[in-house]
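Residue-level structural notes
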Amino acid sequence: SQQPPSTASSAGSAAPDVSAEAPTTPPPPPDFSTIATENAVSHQYDTRTARWSETRVAVKISTTPFAHGALRTAHYVLLNGKLFVAKFADKSARERYFADVEMQMHCKDWAAEYNCYRPPKRVDFVKAAVLELIERDGAPVCGLEHFIDGKYHKHNNNYGFVNDDERNTPQAFSHFTYEVSEHRLLICDIQGVGDLYTDPQMCTADGVGFGAGNLGRAGIERFLATHRCNAICIYLRLPVLNAKSLSIGTVPALRGAAPMHWADINAAVRPARAAADQEKQRRYAPPSLIVDAQRRASAAAAADDGSSSSSDDDDS
């Protein structure tokens, strides 16, 4: 039977990729008429219920990768007549695929939170799932998401790297997640086409969860050291870190040849910010808090089991 592709690198490595990556455009997809259809199961995660659901699907997966990353290879997939991407990582445990999808879906929630503040450019993350290849030996799994057409850029990583382009929106989004989560986490490794992102990484203050790429406080500190606040950071009322000229890059509602003082921007966008604050109904729970809640629930359940056992012993 057809086996899943593999990469030469090991998935789950904590070693950060600090190379400045040039934008890339993927090659065209293959002729899917020459590729056999196989049955599979798509597993989707719902952050609102913290539950997984599954759907039976029929897919065609290219055997030749169209892109190689530090941790995985990317393959074209045809599903319901639409183009998707399957991501395979060598030696990666099945649980890692599910954890990565769960993390990306939480990042999608954070993007929705960011957009509530009406930034000049909205951001989003591609909806991801885990694809289980049930007709292959051992029923291997891979990541699955919609193909993003266009030039692919990497804007920052999980250890302080910032692309030479230093676009305002991706950097401001990362800074936003750190401040709004009350310094509990940082979403970084921002990459994708335009401001539709994929393959993010969460670094948490306690370094718990979200894979080996979670470099914890070290990753957060590296971001804080290299981040330069821009006009969007000021618009979002984030604490200023190493501010760069506020006339560079995307500027909310204002644009001019002369550098603008942050107070001028602040005064100009205050009405829009006030309207956004009134429209905003709730704030998504930071994923680190979700992890803590799950731990407490597990501990409580274990304690209850222990109490029940003790009670049974006493009765006997």
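Residues numbered from 1 in each chain as written. Predicted model: local features only at pLDDT ≥ 70, side-chain atom pairs only at ≥ 80, totals over all residues. Heavy atoms only, no water.

**Thoughts on the nonpolar core**
The biggest cluster of nonpolar side chains holds 24 residues, and the ones touching the most others in it are Trp110, Tyr114, Phe125, Phe173, Phe176, Ile187 and Leu236. Counting residues per element, the ones that place at least two in this core are helix 1 (94–115), helix 2 (168–180), strand 10 (185–188) and helix 4 (231–235). At five residues, the largest contribution of residues to this core is made by helix 1. Discounting residues that sit within four places of it in the chain, Leu236 has contacts with Tyr114, Tyr117 and Phe176. Grouped together as the second largest cluster of nonpolar side chains are 13 residues, Val59, Phe84, Phe88 and Leu131 included. (Core = buried A, V, L, I, M, F, W, Y, C linked by side-chain atoms within 4.5 Å. Buried < 20%, exposed > 50% of the residue type's maximum accessible area, 1.4 Å probe, protein only. Helix = DSSP H or I, 4+ residues; strand = E, 2+ residues; numbered from the N terminus. Contact = heavy atoms within 4.5 Å.)

**Examining the side chain of Lys154**
Relative to the elements of secondary structure, Lys154 occurs in strand 9 (residues 153–154). Given a relative accessible area of 9%, Lys154 falls into the buried group. A polar contact of 3.0 Å, which involves the side chain of Lys154, links it to the side chain of Asp189. (Polar contact = N/O pair within 3.5 Å; in protein donor to acceptor, adjacent residues only side chain to side chain.)

**Overview of the packing of helix 2 against helix 3 (residues 216–226)**
A packed helix pair is summarised by two numbers, namely the angle formed by the two axes and the spacing between the axes. At their nearest, the axes of helix 2 and helix 3 sit 11 Å apart, and the two run at 130° to each other. By the angle between their axes, helix 2 is oblique relative to helix 3. Note on packing geometry: the crossing formed by helix 2 with helix 3 is left-handed. Judged by residue contacts, Gln171, Ser174, His175 and Tyr178 of helix 2 engage Arg217, Ile220, Phe223 and Leu224 from helix 3. Classifying every residue of the contact of helix 2 with helix 3 gives four nonpolar, three polar and one charged. (Axes fitted to C-alpha atoms, helices over the stretch in contact; angles between N-to-C directions. Parallel < 35°, antiparallel > 145°, perpendicular 65-115°, else oblique. Left-handed = near helix turned anticlockwise from the far one by under 90°. Nonpolar A, V, L, I, M, F, W, Y, C, P; charged D, E, K, R; others polar.)

**A short note on the packing of aromatic side chains**
Inspection of the entire model under this criterion finds 10 aromatic pairs. Ring centres 4.9 Å apart and planes at 75° place the aromatic pair Trp52 and Phe98 in the edge-to-face group. Placement of Trp52 in strand 2 (residues 51–61) and of Phe98 in helix 1 is noted, with a sequence separation of 46 residues between them. When its relative accessible area of 22% is taken as the criterion, Phe98 is described as partly exposed. Relative to Tyr197, the ring of Phe125 has its centre 5.5 Å away and its plane inclined at 70°; by these criteria the two rings are edge-to-face. In this pair, Phe125 sits in strand 6 (residues 124–125) while Tyr197 sits in strand 12 (residues 196–197), placing the two residues 72 residues apart along the sequence. Residue class for Tyr197 comes out buried when judged on its relative accessible area of 0%. In this structure, Arg222 packs its charged tip against the face of Tyr159, placed 5.0 Å from the ring centre. (Phe/Tyr/Trp six-rings, centres within 6.5 Å; stacked < 30°, edge-to-face > 60°. Lys NZ or Arg CZ within 6 Å of the ring centre and 35° of its normal.)

**Quick word on the layout of surface pockets**
Space inside the second largest pocket adds up to approximately 220 Å³. Ser42, Gln44, Leu79, Asn80, Lys82, Phe84, Lys127, Ala128, Ala129, Leu144, Glu145 and His146 are the residues that line the second largest pocket. Going through the elements one at a time, strand 1 (38–46), strand 5 (82–88), strand 7 (128–132) and strand 8 (141–146) are the ones with two or more residues in the lining of the second largest pocket. In terms of residue class, the lining of the second largest pocket is made up of five nonpolar, four polar and three charged. (1 Å grid on protein atoms, 1.4 Å probe; cavity = no way out; pocket = protein on both sides within 12 Å on 5 of 7 lines; lining within 4 Å. Points joined across faces, edges and corners; volume = space filled by probe spheres on them.)

**Examining unusual backbone geometry**
Positive phi, close to 60°, is recorded for Glu182, a residue that is not glycine. Residue placement: Glu182 occurs in the loop between helix 2 and strand 10. A positive phi angle, close to 45°, is found at Asn242, a residue other than glycine. In this structure Asn242 comes out as partly exposed when scored by relative accessible area, which is 44%.

**Considering the confidence of the model for the protein chain**
For the protein chain, the average pLDDT comes to 81, and 72% of its residues sit at 70 or higher. Note on residues 1–20: pLDDT under 50 across the span, and 54 contacts to partners over four residues away in sequence or across chains. This stretch, residues 279–290, has a pLDDT under 50; its non-local contacts, to residues over four places away or in other chains, come to 25 contacts. (pLDDT = per-residue confidence, 0-100.)

**A closer look at the packing of helix 1 against helix 2**
Where helix 1 contacts helix 2, the axes come no closer than 11 Å and their chain directions differ by 100°. With respect to helix 2, the element helix 1 is oriented roughly perpendicular. Residues Cys107, Trp110, Ala111, Glu113 and Tyr114 of helix 1 form the contact with helix 2, whose own contacting residues are Thr169, Ala172, Phe173, Phe176, Thr177 and Val180. Residues that form the contact of helix 1 with helix 2 fall into these classes: eight nonpolar, two polar and one charged.

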